[in-house]
Amino acid sequence: VTDWSSARAESGMCRDVIDLDRRAGPGAGGSGGTVRVTFLGAEDQSVTIECPKDEYLLDAAIEQGLELPFSCRGGICGACVGRVASGSVDQSDVADLSFTLEDEQVEAGMALLCMSRPLEDATIETQSDWGYSLGVKEWQGASGYLQGKEVDPLSNEADASG
């Protein structure tokens, strides 16, 4: 019998080298303290949360009831990309940021929310369209539905009747 998990890890498959222990929440790393993070979404939605500096933005947002897109939660797929409109984040936990985001995108403020920790108060534009993370369209601004919409988990498109 072959030990597939060891073979995958030795081959460097991303999902097998993600350090999931870093996702343990508060106290998992970072400098401690909290900051205010405002998430901007479609139809002028704005939600501000208190976010520990040692917690990933996506995790903190989900814990506080926001409905943000994500898939792998390991900095690989790009489904969770948002734009840092103000403030700054630390994406150093992403093993190879260039796998998902190009240097120009990072310079334009794009961040993988699943693996980004806030360094200071910040404002984040969210998305609802996977097209940006797949490189098939330009950033559309704040287009994500943050709360209160029925979301199709495959397309992350909000149901207008929800």
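One structure accompanies this document, and this report is about it.

Rules behind the numbers
- Residues numbered from 1 in each chain as written.
- Predicted model: local features only at pLDDT ≥ 70, side-chain atom pairs only at ≥ 80, totals over all residues.
- Heavy atoms only, no water.
- Helix = DSSP H or I, 4+ residues; strand = E, 2+ residues; numbered from the N terminus.
- Buried < 20%, exposed > 50% of the residue type's maximum accessible area, 1.4 Å probe, protein only.
- Contact = heavy atoms within 4.5 Å.
- Areas by Shrake-Rupley, 256 points an atom, 1.4 Å probe, with all protein chains shown as cover.
- Salt bridge = Lys/Arg side-chain N within 4 Å of Asp/Glu carboxyl O.

### Quick notes on the overall build of the protein
Part 1 of the argument: Within the protein, the secondary structure is distributed over 4 helices and 7 strands.
Part 2 of the argument: Going residue by residue from the N terminus, the α and β elements of the protein occur as α-α-β-β-α-β-β-α-β-β-β.
Part 3 of the argument: For the protein, the proportion of its 162 residues judged to be buried stands at 40%.
Part 4 of the argument: Within the protein, residue pairs in contact and separated by at least 24 positions form 61% of the contacts whose partners lie at least 6 positions apart.
Part 5 of the argument: With the model as given, the accessible surface of the protein reaches about 8600 Å², and the carbon-plus-sulfur share is 48%.

### Remarks on the pattern of salt bridges
Part 1 of the argument: Going through the model one piece at a time under the given rule, you end up with 4 salt bridges.
Part 2 of the argument: Here Asp 59 ties to Arg 73 by a salt bridge, and the two come within 2.3 Å at their closest N and O atoms. Of this pair, Asp 59 sits in helix 3 (residues 57-63) while Arg 73 sits in the loop between helix 3 and strand 3 (81-86), placing them 14 residues apart in sequence.
Part 3 of the argument: The class of Arg 73 is partly exposed, set by a relative accessible area of 27%.
Part 4 of the argument: Across the salt bridge formed by Asp 93 and Arg 117, the nearest N and O atoms sit 2.9 Å from each other. Residue Asp 93 is found in the loop between strand 4 (89-90) and helix 4 (103-107), and its partner Arg 117 is found in strand 6 (residues 117-118); the two are separated by 24 residues along the sequence.

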